[in-house]
Amino acid sequence: MSRAPDDFDGITSAFLGGGSSGFGTSKSRAVAQASLMPTLLIVGNVPTLAGIWIAQYADQHARTSGPVALIRLDGAASRGEVYRAQGRALPTDGGAWMERASVFARSWIVCTDCQSDASAIALSGCSLVLLTGTDETALAAAKKTIEAVVQAGKMGGASVCKIALAFVGSPETSAQAACNSLIAWAAERTIAVALSLGAHSPRVDRVESSGPVPLAMLSSLDVAAALEFIGIAMNGNPDRFSDRDRPMARPEIASPQPPLSQSQACANFAPTEFAPSISAQKPTESAQNSSATSSGVVRDYFPEFTPLAFNCPDAANVQLALDEFAALHLIQSNTGTNGLRIAAAWARANWKLLCAACPQIDSTNARVIEHILLDDARDAALLHRTGVLLHARVDVAAMGTVVRRRVDLNSSETA
């Protein structure tokens with residue numbers, strides 16, 4: 001099946017490990033899978049290249065429901081991309097891409113060939129969509145696929161199969177007629193399947209995609225194992241980011257602070273009602289030093305912001321600050337983006353706690369804006385269009401004294 005901004009979200013982490021065995025024929029594995037599962041797009045007989053119609057389906061869905069993460073299972077060529085990502089930056093590493101997408105993607109679609117294991121499809125626990133054309137050959141192939149999936153589900157003890165039909169390359173009237181034809185055929189053959197018209201694409205339109213990223217971790221997995229992997233990735237890492245499974249980590253206080261003015265009172269971040277759910281950790285000396293340095297960065301180069309008295313425990317070199325519009329800014333003083341992404345995902349995972357800790361943050365709108373402050377403006381060449389605001393330190397002569405000042409290299413519109 002090889003075929004070819006206002007807010008920013010993110011993080012890298014390793015959340016899965018170990019091998020995976022083949023998919024069994026009982027429904028126990030489906031029950032054990034993560035509660036959140038992707039839509040499984042079964043690619044049937046479509047006009048011309050299937051890749052363009054897969055993209056049309058994902059983009060069409062993203063237009064109405066928000067960013068969609070699409071994963072194409074194709075052995076060593078398995079890859080993922082996000083449609084309608086709204087300018088968000090995405091890493092090129094497969095594991096980091098999946099973690100990043102899990103932060104903001106509203107829905108996930110996994111597409112596989114109709115020749116894939118019917119048992120894996122029927123017992124996947126996913127919503128099933130069959131992508132097909134409306135000509136006689138395509139409908140004949142669709143009937144064969146539907147029969148195989150239903151029969152496999154029946155043997156595995158699954159309940160009545162539900163399949164949405166997505167017709168491409170034809171107007172809505174033809175799509176509806178083809179759907180009615182398949183429904184009548186299933187009723188005549190007494191096939192236990194609920195068919196419905198899920199979508200149709202009459203033509204190829206322009207799509208908005210982040211571009212494909214290789215997903216090497218899926219290359220050796222069968223469909224069932226890949227779906228299980230993706231299901232866990234969609235939920236993120238519950239041990240690290242979920243506020244449902246464990247208490248949220250309390251932000252670390254970087255170092256003793258002098259009395260704060262009223263505008264900086266948000267550093268008092270231990271409300272009584274949250275105390276039982278917070279586990280505080282004593283910051284290390286290195287973390288304190290790093291935070292102190294970062295505070296100096298905000299004071300010296302971003303005087304329009306108010307620095308916060310705590311930082312992300314996993315990215316001590318990233319300084320947190322607020323602007324006059326109650327948006328949260330993350331500022332990193334080097335070219336490495338891992339710390340920035342870690343801090344961004346940490347902030348979103350602990351957003352309720354941050355808002356309770358700092359009442360000045362706008363709790364109704366989770367605005368997290370990322371910055372990188374560079375020593376050499378040439379380092380920004382590879383960072384443009386990644387969704388990060390870029391700045392450079394430059395030497396400026398003032399009254400016979402050379403001082404360092406900040407120069408903005410892009411804006412929120414061009415980031």
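About the criteria used
- Residues numbered from 1 in each chain as written.
- Predicted model: local features only at pLDDT ≥ 70, side-chain atom pairs only at ≥ 80, totals over all residues.
- Heavy atoms only, no water.
- Helix = DSSP H or I, 4+ residues; strand = E, 2+ residues; numbered from the N terminus.
- Expected span 1.5 Å × (residues − 1).
- Buried < 20%, exposed > 50% of the residue type's maximum accessible area, 1.4 Å probe, protein only.
- Pairing = 2+ DSSP bridges.
- Salt bridge = Lys/Arg side-chain N within 4 Å of Asp/Glu carboxyl O.
- Phe/Tyr/Trp six-rings, centres within 6.5 Å; stacked < 30°, edge-to-face > 60°.
- Lys NZ or Arg CZ within 6 Å of the ring centre and 35° of its normal.
- Core = buried A, V, L, I, M, F, W, Y, C linked by side-chain atoms within 4.5 Å.
- Contact = heavy atoms within 4.5 Å.
- Right-handed = clockwise from strand over helix to strand, strands pointing away.
- Patch = residues over 30% accessible without salt bridge, like charges linked within 9 Å, V, L, I, M, F, W, Y side chains within 5 Å.
- Areas by Shrake-Rupley, 256 points an atom, 1.4 Å probe, with all protein chains shown as cover.
- Polar contact = N/O pair within 3.5 Å; in protein donor to acceptor, adjacent residues only side chain to side chain.

## What to know about helix H10 (residues 338-349)
With 12 residues, H10 should cover 16 Å at 1.5 Å per step; its first-to-last C-alpha distance of 16 Å lies within 8% of that length. Of the positions making up H10, those classed as buried are Gly339, Leu340, Arg341, Ile342, Ala343, Ala344, Ala345, Trp346, Ala347, Arg348 and Ala349.

## A few points about the sheet that holds strand S14 (residues 368-374)
Taken in spatial order, the 6 strands line up as S10-S12-S13-S14-S15-S16 in an open sheet, and their pairing is mixed. Each edge of the open sheet is held by one strand with a lone partner, namely strand S10 (306-307) and strand S16 (401-408). Bridge count for S10 against strand S12 (residues 318-322) is 2 bridges, and the pairing is antiparallel. Looking at the pairing, proline 307 lines up with alanine 321 of S12.

## Let's talk about the pairing of strand S1 (residues 39-43)
The element S1 is extensively covered by neighbouring structure, given that 4 of its 5 residues are classed as buried. Relative to strand S5 (residues 127-132), S1 runs parallel, the two sharing 5 bridges. Note that in S5 the partner of valine 43 across the bridge is leucine 131. The pairing of S1 with strand S4 (residues 107-113) spans 5 bridges and is classified as parallel. When the sheet's bridge partners are listed, valine 43 is paired in S4 with aspartate 113.

## A few points about the pattern of salt bridges
Opposite charge on two side chains permits pairing when their charged atoms draw close. Across all of its chains, the model carries 11 salt bridges by this definition. One salt bridge connects aspartate 59 with arginine 63, and the closest N-O pair in it is separated by 2.9 Å. On the criterion of helical spacing, the pair formed by aspartate 59 and arginine 63 is a turn pair, its members being 4 residues apart in helix H2 (residues 50-65). The shortest N-O distance in the salt bridge between arginine 84 and glutamate 208 comes to 3.3 Å. In this pair, arginine 84 sits in the loop between strand S3 (79-83) and helix H3 (94-104) while glutamate 208 sits in the loop between strand S7 (193-201) and strand S8 (213-214), placing the two residues 124 residues apart along the sequence. Counted as one network, the salt bridges with shared partners bring together Asp59, Arg63, Arg84 and Glu208.

## Some points on the packing of aromatic side chains
Across all of its chains, the model carries 2 aromatic pairs by this definition. Between tryptophan 97 and tryptophan 108, the aromatic rings sit 6.2 Å apart at their centres with planes inclined by 75 degrees, giving edge-to-face as the arrangement. On the criterion of sequence distance, the pair formed by tryptophan 97 in helix H3 and tryptophan 108 in strand S4 is long-range, its members being 11 residues apart. Residue placement shows arginine 393 over the ring face of tyrosine 301; its charged tip is 5.0 Å from the ring centre.

## A closer look at the environment of leucine 221
Its location among the elements puts leucine 221 in the loop between S8 and helix H7 (223-234). Assessed through its relative accessible area of 23%, leucine 221 is described here as partly exposed. Along the backbone, leucine 221 and glycine 75 are 146 residues apart, and their C-alpha atoms lie at a distance of 7.7 Å.

## As for the nonpolar core
Nonpolar side chains in soluble globular proteins tend to end up buried together. Ranked by internal contacts, the top residues of the largest apolar core, which has 52 residues, are Ile71, Trp97, Met98, Trp108, Ile163, Val193 and Ile230. Examining the composition of this core, we find that 8 residues originate from one element, H7, more than from any other. Filtering out sequence-adjacent residues up to four positions away, tryptophan 108 remains in contact with Pro38, Thr39, Ala69, Ile71, Trp97, Met98, Ala101, Ser102, Ile230 and Met234. Counting 27 residues, the second-largest nonpolar core is a separate cluster that includes Trp346, Trp351, Ala380 and Leu390.

## Observations concerning the pairing of S5
When you tally the buried positions in S5, you get 5 out of 6 residues, the bulk of the element. Of the pairings in the sheet, the one linking S5 to strand S6 (residues 161-168) comprises 5 bridges and is parallel in character. When the bridges of S6 are listed, leucine 131 appears paired with alanine 166. Once the chain exits S5 it traverses helix H5 (residues 136-155) before rejoining the sheet at S6, and the crossover so formed is right-handed.

## Brief notes about a nonpolar patch on the surface
A cluster of nonpolar side chains, namely Leu49, Ile52 and Val204, defines an oily patch on the protein surface of about 270 Å² accessible area. With respect to the helices and strands, leucine 49 occurs in the loop between S1 and H2.

## Considering the environment of arginine 203
Assignment of secondary structure puts arginine 203 in the loop between S7 and S8. In this view, arginine 203 contacts Trp53 and Gln56; residues no more than four positions away in its chain are not counted. Here aspartate 205 takes part through its side chain, which lies 3.2 Å from a polar atom of the side chain of arginine 203.

## Notes on H2
Here H2 spans 23 Å end to end across 16 residues, near enough to the 22 Å set by a 1.5 Å rise per residue. Turning to H2, its buried residues number three or more, namely Ala50, Gly51, Trp53, Ile54, Ala55, Gln56, Tyr57, Ala58, Asp59 and Ala62. Of the residues flanking the end of H2, it is glycine 66, one or two places downstream, whose phi is positive at about 100 degrees.

## What to know about the side chain of threonine 112
As for its placement among the helices and strands, threonine 112 is situated in strand S4. We classify threonine 112 as buried; its relative accessible area is 2%. Of the polar contacts made by the side chain of threonine 112, one reaches the side chain of serine 116; its length is 2.5 Å.

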